[in-house]
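# Examining the three-dimensional arrangement
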Amino acid sequence: MSNLKIEKNGSVEIITINRPDKLNALNKATIKELGDAVTAAAASKEVTAIIITGAGEKAFVAGADISEFANYSAEEGKALSQSGHTNLFDLVENTEKPVIAAVNGFALGGGLELAMACHIRIASSNARMGLPEVSLGVIPGYGGTQRLAQLAGKGKAMELIATAGMIKADEAYQFGLVNHVVEQAELMDKAMEIAQQISKNSSVAIAAAIRTVNAGFNKKVDGFQKEIEEFGKCFETEDFKEGTQAFLGKRKPNFPGK
Ligand code: COA
């Protein structure tokens, strides 16, 4: 049985993590399914943006499934982290279509790490976020130590990780961890509104923008140089020709996505 529910609303793919009785905790099967679903959506010509959310009103994702790794050795723990990075968290971050996290409740541990791997985060006002791993005697292992410091700053990241504390959506908004906070009943509408706004634009240029913004967080790459290269490449795309001709012709563009 699948741990996901996958729906389409126009060109927007909505992936719902569907283990509400376990607060949508990420077991290995769910991580694999989620990675496969994001890969398939990224490859589909019909999809322009992806929304990830959690089933039920209580949790986005309450973390990695603790019951699966409680007896792991150091080697198994390292392999778990490595495969998670490769097969889901880095994969989401590097997906060349915008991935929006609609954080509908608890986003803890791997749940917050998943939201942080997404490109845009919207939280419902009841959402609670944290990286409580040190309260279990472990550290965040799906990118949390790095992405929380990137999004919220090193000091906030250190505090949140070391206290294993949980913050409310409003506080997360104050230090840039989430882009918007709305009432829970409005969460999916807000996510759809942003996804639809994205869908009007050139998918080729958006992909280039995602690659370029991500490059700035890759220590092995010069983000400014990457921007110069990606900017140049845009000029030979059909989308660029359509976008500029539509502007000059005072009409709305109809991007071919090439
Ligand atoms: N892994 C596995 N199972 C989890 C889970 C996780 N990360 N988070 C919640 N669950 C399960 C619970 O074991 C429980 O299952 P059960 O009904 O079979 O006993 C079910 O989800 C409901 O959770 P429960 O703890 O009863 O809900 P609550 O409202 O009392 O508390 C939380 C909610 C989120 C505060 C609490 O579930 C929690 O602290 N979860 C772990 C968070 C965490 O440490 N995540 C980081 C993991 S690295």
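In this text the structure is predicted, and so the values were computed from the model without any measurement. (Residues numbered from 1 in each chain as written. Predicted model: local features only at pLDDT ≥ 70, side-chain atom pairs only at ≥ 80, totals over all residues. Heavy atoms only, no water.)

Bringing the pattern of salt bridges into the picture now. Inspection of the entire model under this criterion finds ten salt bridges. A salt bridge links glutamate 193 to lysine 190, with the shortest nitrogen-to-oxygen separation between them at 3.6 Å. On the criterion of helical spacing, the pair formed by glutamate 193 and lysine 190 is a turn pair, its members being three residues apart in helix 8 (residues 187-199). According to the relative accessible area criterion, glutamate 193 is partly exposed, its value standing at 47%. Across the pair glutamate 242 and arginine 251 runs a salt bridge, and its minimum N-O distance is 2.7 Å. Taking relative accessible area as the criterion, glutamate 242 reaches 14% and is therefore assigned buried. One continuous salt-bridge network, built from bridges that share partners, spans Glu96, Arg211, Lys226 and Glu230. (Salt bridge = Lys/Arg side-chain N within 4 Å of Asp/Glu carboxyl O. Helix = DSSP H or I, 4+ residues; strand = E, 2+ residues; numbered from the N terminus. Buried < 20%, exposed > 50% of the residue type's maximum accessible area, 1.4 Å probe, protein only.)

Further remarks concern helix 9 (residues 203-215). Taking 1.5 Å of rise per residue, 13 residues should cover 18 Å, and helix 9 covers 18 Å from first to last C-alpha, within 8% of that figure. Those residues of helix 9 lying buried are Ile206, Ala207, Ala208, Ile210, Thr212, Asn214 and Ala215. Close packing links the buried residues of helix 9 with helix 3 (74-93), helix 8 and helix 10 (223-234). (Expected span 1.5 Å × (residues − 1). Contact = heavy atoms within 4.5 Å.)

Bringing the domain arrangement of the chain into the picture now. A common way to express how large an interface is: the accessible area buried when the components associate. According to the domain assignment, the chain consists of domain 1 (4-199) and domain 2 (203-248). A separation of 26 Å is found between the C-alpha centroids of domain 1 and domain 2. In this assembly, nine residues from domain 1 lie in contact with six residues from domain 2. When domain 1 packs against domain 2, close to 630 Å² is buried across both sides, 59% of that on carbon and sulfur atoms. The salt bridge involving glutamate 96 is made with arginine 211; its shortest N-O contact spans 2.9 Å. Viewed at the interface, domain 2 and domain 1 are joined by three residue pairs in polar contact (both at pLDDT 80 or more). (Domains from an automatic or database assignment. Buried area = accessible area lost by both parts, 1.4 Å probe. Polar contact = N/O pair within 3.5 Å; in protein donor to acceptor, adjacent residues only side chain to side chain.)

Okay, the pairing of strand 1 (residues 4-9) next. Across six bridges, strand 1 lies against strand 2 (residues 12-17) in antiparallel orientation. Looking across to strand 2, one finds that isoleucine 6 is bridged to isoleucine 15. Count of turn residues in the strand 1/strand 2 antiparallel hairpin: two residues, of which glycine 10 carries a positive phi of about 65°. (Pairing = 2+ DSSP bridges.)

The next thing to look at is the sheet that holds strand 9 (residues 167-168). Read across the open sheet, the four strands follow the order 4-6-8-9; overall the sheet is mixed. Here the strands that pair on one side only, and so sit at the sheet edges, are strand 4 (59-61) and strand 9. In this structure, strand 6 (residues 106-108) lies alongside strand 8 (residues 128-130), joined through three bridges in parallel fashion. Residue pairing in the sheet places phenylalanine 106 in a bridge with arginine 128 of strand 8.

For the rest of this paragraph, the subject is the sheet that holds strand 5 (residues 99-103). Pairing in this open sheet of six strands is mixed, and the strands run 1-2-3-5-7-10 from one edge to the other. Edge positions in the sheet fall to strand 1 and strand 10 (180-182), since each of these pairs with one other strand and no more. For this sheet the average axis-to-axis angle between neighbouring strands, irrespective of direction, equals 20°. By the bridge criterion, three bridges tie strand 7 (residues 120-124) to strand 10 in an arrangement that is parallel. Bridge pairing in strand 10 places serine 124 opposite valine 182. Relative to strand 2, helix 1 (residues 28-43) is tilted by about 180°, and along the sheet it contacts strand 1, strand 2 and strand 3 (49-54). (Axes fitted to C-alpha atoms, helices over the stretch in contact; angles between N-to-C directions.)

Our next topic: the site of the ligand. Residues in contact with the ligand amount to 15 residues; listed here are only the nearest, Lys22, Lys58, Ala62, Ala64 and Ile66. Separating an oxygen atom of the ligand from a side-chain N or O atom of lysine 22 is a distance of 2.4 Å. Alanine 62 places a main-chain nitrogen or oxygen 3.0 Å from a nitrogen atom of the ligand. For the ligand, whose accessible area on its own is 860 Å², the fraction buried by protein is 59%. (Near = heavy atom within 4 Å. Areas by Shrake-Rupley, 256 points an atom, 1.4 Å probe, with all protein chains shown as cover.)

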